[in-house]
Amino acid sequence: MVIVVVAVFFLGMGVFGLVAPAALVRPFRMIADSAEARSEVRAVYGGFGVAVGGLLLMALADGGRMGAGVVVTVAVSLLGMAFGRLVGRTVERPAAFYPVWCYFWVEVAAAGALLAGVR
C-alpha cells in the first residue's frame, strides 16, 4: 500500500509538472517564464516524477525480482532530496513551513515508510 501511495504522489507531481510547470514551482517562488525554464520543470519534475511513479508500480507487478532494489533506490532519492533541503537550511532560512519544510517531512516520511517495507 505504501508503494502505491508514493507512486501516486510521484505520478501526480509528474503529470502536474508536465501540464502546468509554472504553477508547480510557484509555491517555491520560482518563475518559469520562458520555454527553457518550463522545459526544465517538465523534465525534472514532470518526466522524472512520471518515470519514478511508473517504476514503483512496475516493481509491484514484477513479482519481487526488482521490487526491493527499486524501492530502496526511490527511498534513497527521497532522502537525498530531504538532505538537499537541510543543506539549503544551513545556507539560508526558508520564510515559512510551506513549501520547503512541508516537502522535507513528506520526503522523510515516504522514504522511511518505503524502507520499512523492504525485506
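Presented here is an overview of the structure given in this document. (Residues numbered from 1 in each chain as written. Predicted model: local features only at pLDDT ≥ 70, side-chain atom pairs only at ≥ 80, totals over all residues. Heavy atoms only, no water.)

## Quick word on the side chain of Arg85
Next up, step 1: Among the structural elements, Arg85 can be located in helix H4 (residues 67-91).
Next up, step 2: Side chain to side chain, Arg85 and Glu107 meet in a polar contact 2.8 Å long.
Next up, step 3: Leave out the neighbours within four places in its chain, and Arg85 touches Phe28, Val100, Trp101, Tyr103, Phe104 and Glu107. (Helix = DSSP H or I, 4+ residues; strand = E, 2+ residues; numbered from the N terminus. Polar contact = N/O pair within 3.5 Å; in protein donor to acceptor, adjacent residues only side chain to side chain. Contact = heavy atoms within 4.5 Å.)

## Here we look at the packing of aromatic side chains
Next up, step 1: In this structure the tally under the stated criterion is 5 aromatic pairs.
Next up, step 2: For the ring pair Phe104 and Trp105, a centre distance of 4.8 Å and an interplane angle of 85 degrees mean the geometry is edge-to-face.
Next up, step 3: The buried category is assigned to Phe104, whose relative accessible area is 8%.
Next up, step 4: An aromatic cluster of three or more residues is present, and its members are Phe28, Tyr98 and Tyr103. (Phe/Tyr/Trp six-rings, centres within 6.5 Å; stacked < 30°, edge-to-face > 60°. Buried < 20%, exposed > 50% of the residue type's maximum accessible area, 1.4 Å probe, protein only.)

## A short note on the pattern of salt bridges
Here the idea is simple: oppositely charged side chains can pair when their charged atoms come close.
Next up, step 1: Taken as a whole and judged by the stated rule, the model has 1 salt bridge.
Next up, step 2: With its nearest N and O atoms 2.8 Å apart, the salt bridge here joins Arg85 to Glu107. Of the two residues, Arg85 is situated in helix H4 and Glu107 in helix H5 (residues 97-116); the sequence distance between them amounts to 22 residues.
Next up, step 3: Here Glu107 falls in the buried class, since its relative accessible area comes to 4%. (Salt bridge = Lys/Arg side-chain N within 4 Å of Asp/Glu carboxyl O.)

## Observations concerning the environment of Val52
Next up, step 1: On the secondary structure map, Val52 appears in helix H3 (residues 35-61).
Next up, step 2: In this structure, the C-alpha to C-alpha distance between Val52 and Phe10, residues 42 residues apart in sequence, is 6.5 Å.
Next up, step 3: Aside from chain neighbours lying at most four places away, what touches Val52 is Phe10 and Val74.

## Things to note about unusual backbone geometry
Next up, step 1: Residues Tyr98 and Pro99 are joined by a peptide bond in cis, for which omega reads 10 degrees.
Next up, step 2: A positive phi is found at Arg29, a non-glycine position, where the angle reads about 60 degrees.
Next up, step 3: Mapped onto the fold, Arg29 is located in the loop between helix H2 (21-25) and H3.
Next up, step 4: Here Arg29 falls in the exposed class, since its relative accessible area comes to 71%.

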